[in-house]
Amino acid sequence: MARSRGRHRTLTSVAGSLALLVGTVLVGAGAPAQAQPPPTLRELAAAQGLHLGAAVAGPPTLADPTYREVLTREFSMGTSENDMKWGPIHPAPDTYAFANADAQAALLADNAMAMRGHNLAWHMQNPDWLTSGTWTRDEAIGLLEDHIDAVAGRYAGRIVEWDVVNEAVGLGDDPWPNPWSASIGYPDYLDVAFHRARLADPSAQLFYNDFGIELANPRADAVYDLVRGMVGRGVPIDGVGFQAHLSVDSCPTPTSCTDGLLTEMARYEALGLQVSITELDVAIPLPADADELARQADVYRQVVLACLWAPNCDTVVLWGVSDAHSWIPGFRPGWGAALLLDEQYQPKPAYDAVAALLADPPALPAPTTTVPASPTTVAPAAQVTPAFTG
Ligand code: G3I
């Protein structure tokens, strides 16, 4: 079920506004004038009731004091970028390697940050012992359930959202091949995974997570159909993660991405589901020039605005802390500069755009009401059209 995030946002907005007001009054009441540091993104997001997160690196990056300081200062949530995936955390049939994920969870807890879990079933970063084995359906169900018990169980109570299944839908008509679709069957393995995750961590919100589903396209429809089927079967799913790996050209007009995202988010809201932006980044061909950085800033603004406006979105996670910690250059040669901070942790135009938006977000435009043209025109009821054109 979708969370009552309107209430969460209203309360935290009031608290945030009061805090800012008190600060202003105290400064105005005669305290010695001191240059106040600008509010951090974390503070600005909290005032809007928004979780703003980042993918968290493993060692050695996690040990870097500057990295830790920026991560905990600017973000209120973290996700293990790699260390909760099957390969890193379950390297041998009877061996779990929790040290990296434990260190990330501890850093987040010590800094009052929320944690998303990523992920419990995927086609990538699986251990060789799993992918090279031949499993009967029952054996595979046992493996998947034992893994979920061990991993989701270990972090139970700490994870606000789990990506239970990642990228199950293929690029064509077939499901994406993975050990689970091959041995358990599709979509049965998703049902198995979600039911087990609910048992292993009853307080976590359970998400299906995928890429390229933020804006209308046939694959977004295929994912919607999959999720609607799960809801229809009574599978315990709470939300859908829109990864949002975008590029500088993703939003051709100043409203196209906000409008498109709101449309996609609305149909999940109608199913009673939450949507989170789970892996946001905006890639630019390198070297990035000033015009591209400005257009990148607008893509970020549009995505964050959609989450602020959607009643069923309260989480935006970036896929990395700074441009020094982004998967893009390694996987998409010639592209990069995809995050809010540059490789030296300096704010980019996109950082300033997100900060300005969070400091003073525009109100969701009121629905337009079509008034009858004349007294003789018979209208059955006022027609309400959404006006997501911010
Ligand atoms: O840690 C090992 C290291 O021990 C080894 O020496 C080295 C040799 O290549 O590999 C290291 O692991 C790499 C890992 O990143 C950590 O750096 C893997 O090879 C590499 O494949 C892995 O890439 C990750 C990718 O998922 C593949 O799983 C990226 O960092 C990570 O950002 C990316 O994240 C995915 C999300 O999970 C799902 N959505 C898409 C997103 C981007 O691809």
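Refer to the preceding data block for the structure.
Everything in this summary refers to the structure shown in the same document. Note that the structure is a prediction, hence the values are computed from the model and not measured.

Structural notes on the overall build of the protein
- Summing up its helical and strand segments, the protein has 14 helices and 12 strands in all.
- Burial status across the protein gives 50% buried among its 390 residues.
- Contacts in the protein between residues at least 24 apart in sequence constitute 78% of all its contacts with a sequence separation of at least 6.
- Of the roughly 16,800 Å² of accessible surface on the protein, 60% is carried by carbon and sulfur atoms.

Description of the packing of helix α7 (residues 137-154) against helix α9 (residues 188-200)
- Where α7 meets α9, the axes come as close as 9 Å, and the angle between the chain directions of the two elements is 35°. Read as a crossing pair, α7 and α9 show a hand that is right-handed. Packed against α7, whose contacting residues are R137, I141, L144, E145, I148, D149, A152 and G153, the element α9 presents D188, Y189, V192, A193, R196, A197 and A200 at the interface.
- For the contact of α7 with α9, the per-class residue count stands at 9 nonpolar, 1 polar and 5 charged.

Considering the pattern of salt bridges
- Under the counting rule described, the total for this entry stands at 18 salt bridges.
- Where D191 meets R233, a salt bridge forms, and the shortest distance between an N and an O atom there is 2.7 Å. Here D191 is found in helix α9, whereas its partner R233 is found in the loop between α10 (218-232) and β6 (239-242), with 42 residues between them in sequence.
- A salt bridge links K348 to D323; the nearest nitrogen and oxygen atoms lie 2.8 Å apart.

Re the nonpolar core
- Core analysis: the largest hydrophobic core is formed by 104 residues, its most contacted members being W162, V165, W180, Y208, Y268, I277 and L280.
- At 10 residues, the largest contribution of residues to this core is made by helix α12 (residues 290-309).
- Beyond its immediate sequence surroundings of up to four residues, I277 is in contact with F242, A244, L261, M265, V303, C313, T315, V316 and V317.

Digging into the state of the cysteines
- The final tally for this structure, using the stated rule, is 2 disulfides.
- Across a sulfur-sulfur distance of 2.0 Å, C251 and C257 are joined as a disulfide pair. Torsion about the S-S bond of the C251 and C257 cystine: about -95°, corresponding to left-handed handedness. Take C251 and C257: they sit in the same class, and that class is buried.

Observations concerning the packing of aromatic side chains
- Under the counting rule described, the total for this entry stands at 10 aromatic pairs.
- Both rings, one in Y96 and one in F98, keep their centres 5.5 Å apart while their planes meet at 5°; by these two values the pair is stacked.
- Its relative accessible area of 14% is what places F98 among the buried residues.
- Consider the rings of F242 and Y268, whose centres lie 5.9 Å apart with planes at 70°: the pair is edge-to-face. With F242 in strand β6 and Y268 in helix α11 (residues 256-270), this pair connects stretches of sequence that are 26 residues apart.
- The buried category is assigned to F242, whose relative accessible area is 0%.
- A connected cluster of aromatic rings, assembled from ring pairs, spans W86, W129, W135 and W180.
- Sitting over the face of the ring of F207, R116 holds its NZ or CZ atom 5.2 Å from the ring centroid.
- In this structure, R332 is placed above the aromatic ring of W335, and the distance from its NZ or CZ to the ring centre is 3.8 Å.

How each quantity is defined
Residues numbered from 1 in each chain as written. Predicted model: local features only at pLDDT ≥ 70, side-chain atom pairs only at ≥ 80, totals over all residues. Heavy atoms only, no water. Helix = DSSP H or I, 4+ residues; strand = E, 2+ residues; numbered from the N terminus. Buried < 20%, exposed > 50% of the residue type's maximum accessible area, 1.4 Å probe, protein only. Contact = heavy atoms within 4.5 Å. Areas by Shrake-Rupley, 256 points an atom, 1.4 Å probe, with all protein chains shown as cover. Axes fitted to C-alpha atoms, helices over the stretch in contact; angles between N-to-C directions. Left-handed = near helix turned anticlockwise from the far one by under 90°. Nonpolar A, V, L, I, M, F, W, Y, C, P; charged D, E, K, R; others polar. Salt bridge = Lys/Arg side-chain N within 4 Å of Asp/Glu carboxyl O. Core = buried A, V, L, I, M, F, W, Y, C linked by side-chain atoms within 4.5 Å. Disulfide = S-S within 2.5 Å. Phe/Tyr/Trp six-rings, centres within 6.5 Å; stacked < 30°, edge-to-face > 60°. Lys NZ or Arg CZ within 6 Å of the ring centre and 35° of its normal.

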